[in-house]
Amino acid sequence: MKRISVIAAAALAVLAATGAHARSLDAIQKDGTLRVATEGYYAPFAYFEGKKLTGFEVDLTELMTQKMGLKLEWKTISFDALLTGLKQDRWDLVISSHGITPEREKAVTFTLPHYCSGAQVISTDAAIQGAKDLSGKTVSAQTGTTYLDYVQKNVAGVKRVVNFPTNEAAMNALMTKRADAWVTERFLAKEMLQKNPKIKFHQGELLFVEKIAAAVAKDNKPLADAWNKAFAESLKDGSYAKISQKWFQEDIRCP
Ligand code: ARG
């Protein structure tokens, strides 16, 4: 009995040490490495080229951690598991093109937005351009995204909304005619069009625009502040502009 309670106490101590709380900025600085999670299937923001994770958000995170004096360790995991992992202290920061929404803000602390962009209607049918053309249609989008949420809540008359764990699967639904339209991010769509010139996609109207930011655990404001300081520096010293030009040939910072 006694032995069991000693073991139980030890287990509790381990839990408390590794536990439910996100690592503080102090603890991260002591350790020297920032653990960052992303989906990794979202070109040109964060995606794999062979085994190498690359993209705009990857370059930006490398720049931020350099400025913060930290090393960087990446984890990749499915999009809809990213924000909850912050609470479980599985990683310190998430950067995966999350739009800032009031709903998400209840659960996490967002950094300053690192770009602004819009949700675009993509179709193989040139007649499908905007929200009004989605009436009676089947629309695909990635699970857990603001795109899916928007179509479900704000577009009238949609026949069916189909969701997929990855953006690519949502696109495939369009290509194989299981969906009439696909809602996704406009730079991502542009890249898909350039990479697959044979596919006759039409980039339609923007359904909405959003501010995209990285996120840390709710109680980890000091970490967000440290990131924001580095980010503000990068806007001033031209290093942000350089990365943006490299990936988009334009500056995608929020106005
Ligand atoms: N901007 C959208 C959102 O906030 C989509 C993000 C998707 N990101 C990704 N890595 N698949 O929900």
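Below: a short report on this structure.

Conventions used here
- Residues numbered from 1 in each chain as written.
- Predicted model: local features only at pLDDT ≥ 70, side-chain atom pairs only at ≥ 80, totals over all residues.
- Heavy atoms only, no water.
- Buried < 20%, exposed > 50% of the residue type's maximum accessible area, 1.4 Å probe, protein only.
- Helix = DSSP H or I, 4+ residues; strand = E, 2+ residues; numbered from the N terminus.
- Pairing = 2+ DSSP bridges.
- Axes fitted to C-alpha atoms, helices over the stretch in contact; angles between N-to-C directions.
- Parallel < 35°, antiparallel > 145°, perpendicular 65-115°, else oblique.
- Contact = heavy atoms within 4.5 Å.
- Nonpolar A, V, L, I, M, F, W, Y, C, P; charged D, E, K, R; others polar.
- Arc of directions from axis to C-beta.
- Near = heavy atom within 4 Å.
- Polar contact = N/O pair within 3.5 Å; in protein donor to acceptor, adjacent residues only side chain to side chain.
- Areas by Shrake-Rupley, 256 points an atom, 1.4 Å probe, with all protein chains shown as cover.

### Concerning the pairing of strand β10 (residues 181-185)
For step 1, the next point in the chain: Buried residues dominate β10, accounting for five of its five residues.
For step 2, the next point in the chain: Direction of pairing for strand β7 (residues 108-123) relative to β10: antiparallel, over a ladder of four bridges. Within β10, the residue paired with Val121 across the bridge is Val183.
For step 3, the next point in the chain: Inspection of the sheet shows strand β8 (residues 138-142) paired to β10 by two bridges, in the parallel sense. When the sheet's bridge partners are listed, Ser140 is paired in β10 with Trp182.

### So, the packing of helix α3 (residues 56-68) against helix α9 (residues 221-237)
Between two packed helices, what matters for the description is the angle formed by their axes and the separation of those axes.
For step 1, the next point in the chain: Taken N-terminus to C-terminus, the directions of α3 and α9 make an angle of 105°; their axes are 9 Å apart at the nearest point. Put simply, α3 runs roughly perpendicular to α9. Seen from α3, the contacting residues are Leu60, Thr61, Leu63, Met64, Lys67 and Met68; seen from α9, they are Leu223, Ala226, Trp227, Ala230, Phe231, Glu233, Ser234 and Asp237.
For step 2, the next point in the chain: The class makeup of the residues in the contact of α3 with α9 is nine nonpolar, two polar and three charged.

### Examining helix α10 (residues 239-248)
For step 1, the next point in the chain: Turning to α10, its buried residues are Ser239, Tyr240, Ile243, Ser244, Trp247 and Phe248. An end-on view of α10 places all buried positions within 140° of arc, on one side of the element. Residues Lys242 and Lys246 are exposed on α10 and point more than 90 degrees away from its buried face.
For step 2, the next point in the chain: On its buried face, α10 sits against β3 (46-49), β4 (52-54), α3, β7, α8 (186-195) and α9.
For step 3, the next point in the chain: In the segment just after α10, Gln249 is the residue with positive phi, at about 55°.

### Overview of the site of the ligand
For step 1, the next point in the chain: Near the ligand lie 14 residues; those nearest to it are Glu39, Gly99, Arg104, Thr146 and Glu210.
For step 2, the next point in the chain: In the model, an oxygen atom of the ligand is placed 2.8 Å from a nitrogen or oxygen of the Arg104 side chain.
For step 3, the next point in the chain: At a separation of 2.8 Å, a nitrogen atom of the ligand approaches a polar side-chain atom of Gln142.
For step 4, the next point in the chain: Alone, the ligand offers 340 Å² of accessible surface; in the complex the protein occludes 100% of this.
For step 5, the next point in the chain: Among the elements of the structure, β6 (93-99), α6 (146-154) and β11 (202-217) are those that each provide at least two residues to the shell around the ligand.
For step 6, the next point in the chain: Top contributing element to the shell around the ligand by residue count: β6, with four residues.

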